[in-house]
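# Observations on chain architecture
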Amino acid sequence: MGLAARLDNLIPDLSATLARFPVSSTVAVALCAYINIEGMGGSGESAVMAGAAAGFIASGAAHLFAEGNKWSKPAGIGLAIAAGAALALLGYFTSVFQTSLLFLFAGLIPVLMILGFLRAGVSQGALWLFNLRMGLAALLSAVVAVLFGAGLSSIVEALNFLFGAGLHGMHEHIWGTAASLIGPVYGLSLMPRDLEEEIDLNDHKDTLLERGVSILVNYIAVPMVAVYALILHAYALKIAIDGELPKGQIATMVSIFAIGGTAAWLVAWPWRESGTWLLRQFMRGWFFLTIVPAALLTIAIWRRISDYGVTPDRYGIALVAIWVAFISAYLAFRRNHADMRAILGGIAVLLLVGSVGPFGSHGLTIASQVGRFAELLAANGLLKDGKAVPAPKPIPDSAALQGNSILDALIGVDGLASLKPWFEGTEKNPFAASQDKWSLRNDIAVRLGMSQPNTYRDSVYFNANAVLEHNLIGSNRLLGPYRGLQTHNLDAQQTDMTARFDGERLIVRAGADTWKMSAVSLVAKMREGMIAGQPQPPVRIELAPGVVMVVENYSAEIGENPKLTSLEFWIIQQR
């Protein structure tokens, strides 16, 4: 084999990749450009990356669908643009669509696995081989991206160390490029091109593929699933004898069993007739093994939802229960002739439907938890005619604990805004000031008497990620930066500039000048200067007339008696 041929095998033709997946490749290039131009420190980068990732996967799946169904190139590009744009919007505007990114991406994976085979006359062997090769492509692309990032970062560090090149800021660009462009595009270049080729074990006899996967399914995966099945059935027998309901943890155990066992069934498909006796029996009777665990799963999740309402975790387990019931019924009729597209498509539909909207995991969680919260508040005299009112008496600790648990569930799905109508027009409205979601959650709890201000503590953090413009007038001096905070051994010898916290006050000293501010005032001013949902410049706080402290970073424990834990700042003093 010549050098040119070897290089062609090592570095696939990128022009062919761009021609085959033009929309997906464009998304990767655009995301790479965005990361390198805008950086990765702003508040909106996570939304951009989530939207781009969803658009990348969706457009790639659409390209495969068009290719598998022999669509024309323009039609395939049009479908990819439409699919990519729709999923990108769902990934970017998570609050608007009540999107669960976990469910969205989990649902897109099986879609990518089967969309190129949604047509009549598909061979199960071709579907299996395609997904094996696609999995290897994903693994190799991740390895290449890591090697690219690690290699260039090592070169940059060598230049910095040996020649003082000052290229420390290059690491963000290198790893951003590796994750957004190198890995994804290399993965696209390795995607299987022949959607018709089938797996034939005779052709792969004694190859690394046949021996490696065969040992995995025959002697590791299937025996483990069988042992797990025995444990779950023994536990079910124990429940029947003792007459007790399943414990809460059983839902997670059964979910792992169902997903892992089905994955083993799919991977073991080519050995359904030639594998070990245990594997052959497993392929014929997998549905029997899911019946009892599915019943346990249904009972367990119904109990948890009845007692504590819907959460994304419980919603996901409920979807698994529905899916297990479906595959149990389906495999009971089809056995070894089951269509893998139906199994993968079933979970894909459930996950994608559950990823967005009022009936998705976030939407139903908000509705369920807000309903529970309203009942709790009404029972304790805190909610009348749809408005929050002062508590007529201290609420029980159990109610406060339950209320805080509900607030934690709501904050996890961006659902605190659903409580806003309860506080409109009332005194001490927590929504009156713009603030981060954790501070809002804590203020709601305090407002409802569910956490006493003199005892309640929580942590608040601030880190500037935008440029601050400050006009200097007259003769000024700039001092800093100062990083750190002295909280003990306050009598120690001071340097030219120090910041100390004595339990009540922040004491800043610079040369002969000393400025003091109570921690209560400092935390209040910091929170007033924080801008929710936007890039956050450093916060300016007036320590004294003509003296401004510009805070870049701080952390504190908030409450009636705030405690400062770290501080980074500059001082601008007018002379």
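What counts, and at which threshold
Residues numbered from 1 in each chain as written. Predicted model: local features only at pLDDT ≥ 70, side-chain atom pairs only at ≥ 80, totals over all residues. Heavy atoms only, no water. Helix = DSSP H or I, 4+ residues; strand = E, 2+ residues; numbered from the N terminus. Buried < 20%, exposed > 50% of the residue type's maximum accessible area, 1.4 Å probe, protein only. Contact = heavy atoms within 4.5 Å. Areas by Shrake-Rupley, 256 points an atom, 1.4 Å probe, with all protein chains shown as cover. Expected span 1.5 Å × (residues − 1). Bend = angle between axes of the 7 residues up to and from the residue. Salt bridge = Lys/Arg side-chain N within 4 Å of Asp/Glu carboxyl O. Phe/Tyr/Trp six-rings, centres within 6.5 Å; stacked < 30°, edge-to-face > 60°. Lys NZ or Arg CZ within 6 Å of the ring centre and 35° of its normal. Pairing = 2+ DSSP bridges. Core = buried A, V, L, I, M, F, W, Y, C linked by side-chain atoms within 4.5 Å. Axes fitted to C-alpha atoms, helices over the stretch in contact; angles between N-to-C directions. Patch = residues over 30% accessible without salt bridge, like charges linked within 9 Å, V, L, I, M, F, W, Y side chains within 5 Å. pLDDT = per-residue confidence, 0-100.

### With respect to the overall build of the chain
Within the chain, the regular secondary structure consists of 19 helices and 10 strands. Taking all 575 residues of the chain together, 44% fall into the buried category. Considering only contacts within the chain whose residues lie at least 6 apart along the sequence, 68% involve residues at least 24 apart. When the accessible surface of the chain is totalled, it reaches about 29200 Å², and 63% of it is carbon and sulfur.

### Here's the deal with helix H10 (residues 208-242)
Count 3.6 residues to each turn of an α-helix, and residues three or four apart come out pointing the same way. The end-to-end C-alpha separation of H10 is 49 Å, in line with the 51 Å expected for 35 residues at 1.5 Å each. Valine 217 marks the point of greatest bend in H10, at about 35°. Among the residues of H10, Glu210, Val213, Ser214, Val217, Asn218, Val222, Val225, Ala229, Leu232, Tyr235, Ala236 and Ile239 are the ones counted as buried. Those residues of H10 that are buried are in contact with helix H8 (124-163), helix H11 (250-267) and helix H12 (277-308).

### Re the environment of valine 254
Here valine 254 lies in helix H11. Taking the C-alpha atoms as reference, valine 254 lies 7.8 Å from leucine 296; in sequence the two are 42 residues apart. Once residues lying within four places of it in the same chain are set aside, the contact partners of valine 254 are Leu232, Pro293 and Leu297.

### Points about the pattern of salt bridges
Using the criterion set out here, one finds 8 salt bridges in the structure. Between glutamate 67 and arginine 20 there is a salt bridge; the shortest N-O distance is 2.9 Å. Of this pair, glutamate 67 sits in helix H4 (residues 45-68) while arginine 20 sits in helix H2 (residues 14-20), and the two are 47 residues apart along the sequence. With relative accessibility at 10%, the residue arginine 20 sits in the buried group. Glutamate 197 is the partner of arginine 133 in a salt bridge, and the nearest nitrogen-oxygen pair spans 2.9 Å.

### So, the packing of aromatic side chains
Two aromatic rings are characterised by how far apart their centres lie and by the angle between their planes. This structure, assessed with the given rule, holds 13 aromatic pairs. Aromatic pair phenylalanine 117 and phenylalanine 130: ring centres 5.2 Å apart, planes at 65°, arrangement edge-to-face. Linking phenylalanine 117 in the loop between helix H7 (101-114) and H8 with phenylalanine 130 in helix H8, this pair joins segments that are 13 residues apart in sequence. You'll find phenylalanine 117 and phenylalanine 130 in the same group, each marked buried. Each ring, one from phenylalanine 287 and one from phenylalanine 288, has its centre 3.7 Å from the other, and the planes form 40°; the classification is tilted. For phenylalanine 287, a relative accessible area of 6% corresponds to the buried category. Relative accessible area serves as the criterion here: at 46%, phenylalanine 288 is assigned to the partly exposed category. Connected via pairs of aromatic rings, a cluster forms that spans Tyr228, Phe257, Phe282 and Trp286. Across from the ring centre of tryptophan 269, 3.8 Å away, lies the NZ or CZ of arginine 272, which sits over that ring.

### Looking at the pairing of strand E7 (residues 513-518)
Relative to E7, strand E6 (residues 505-510) runs antiparallel, the two sharing 6 bridges. Along E7, the bridge assignment pairs isoleucine 507 with lysine 516.

### Considerations on the nonpolar core
In terms of nonpolar packing, the biggest core is built from 73 residues, with Trp128, Trp265, Phe282, Trp286, Leu331 and Ile343 touching the most fellow members. Grouped together as the second largest cluster of nonpolar side chains are 29 residues, Val460, Tyr482, Val539 and Ile571 included.

### Concerning the sheet that holds E7
Judged by pairing direction, the sheet is antiparallel, and its 3 strands sit side by side in the order E5-E6-E7 without closing on themselves. Taken across any chain shown, the strands that pair with only one partner, and hence form the sheet edges, are strand E5 (497-501) and E7. Between one strand and the next, the sheet's axes are offset by a mean angle of 15°, whatever the strand orientation.

### Section: a nonpolar patch on the surface
There is a patch of nonpolar side chains on the surface, built from Leu152, Ile155, Leu159, Phe161, Leu162 and Phe163 and spanning about 670 Å² of accessible area. A relative accessible area of 72% means that phenylalanine 161 is categorised as exposed.

### Some words on helix H15 (residues 361-379)
Here H15 spans 27 Å end to end across 19 residues, near enough to the 27 Å set by a 1.5 Å rise per residue. Of all the residues in H15, the buried ones are Ser361, His362, Gly363, Thr365, Ile366, Gln369, Val370, Arg372, Phe373, Leu376 and Leu377. Buried residues along H15 sit in contact with H7, H12, helix H13 (312-334), strand E1 (383-384), helix H16 (397-411) and helix H17 (420-423). Of the residues flanking the end of H15, it is glycine 381, one or two places downstream, whose phi is positive at about 70°.

### Some thoughts on the environment of serine 214
Looking at the element boundaries, serine 214 is found in helix H10. Assessed through its relative accessible area of 13%, serine 214 is described here as buried. When near neighbours in sequence (up to four residues on either side) are disregarded, serine 214 contacts Leu209, Tyr219 and Trp271.

### A short note on unusual backbone geometry
The backbone of glutamine 98 sits at a positive phi, close to 50°, despite the residue not being glycine. If you trace the backbone, glutamine 98 turns up in the loop between helix H6 (94-97) and H7. Take glutamine 98: its relative accessible area is 24%, and that puts it in the partly exposed class.

### Structural notes on the confidence of the model for the chain
Across the chain, pLDDT averages 85, with 89% of residues at or above 70. Taken as a whole, residues 452-457 scores under 50 in pLDDT and shows 14 contacts with residues more than four places along the chain or in a different chain.

### Here's the deal with the side chain of serine 25
Summarising the element assignment, serine 25 is placed in helix H3 (residues 22-38). Judged by relative accessible area, which is 2%, serine 25 ranks as buried.

### Side note on the side chain of serine 361
Within the secondary structure layout, serine 361 lies in helix H15. Not counting residues within four places of it along the chain, the set of residues in contact with serine 361 comprises Ser100, Phe103, Pro312, Tyr315 and Gly354.

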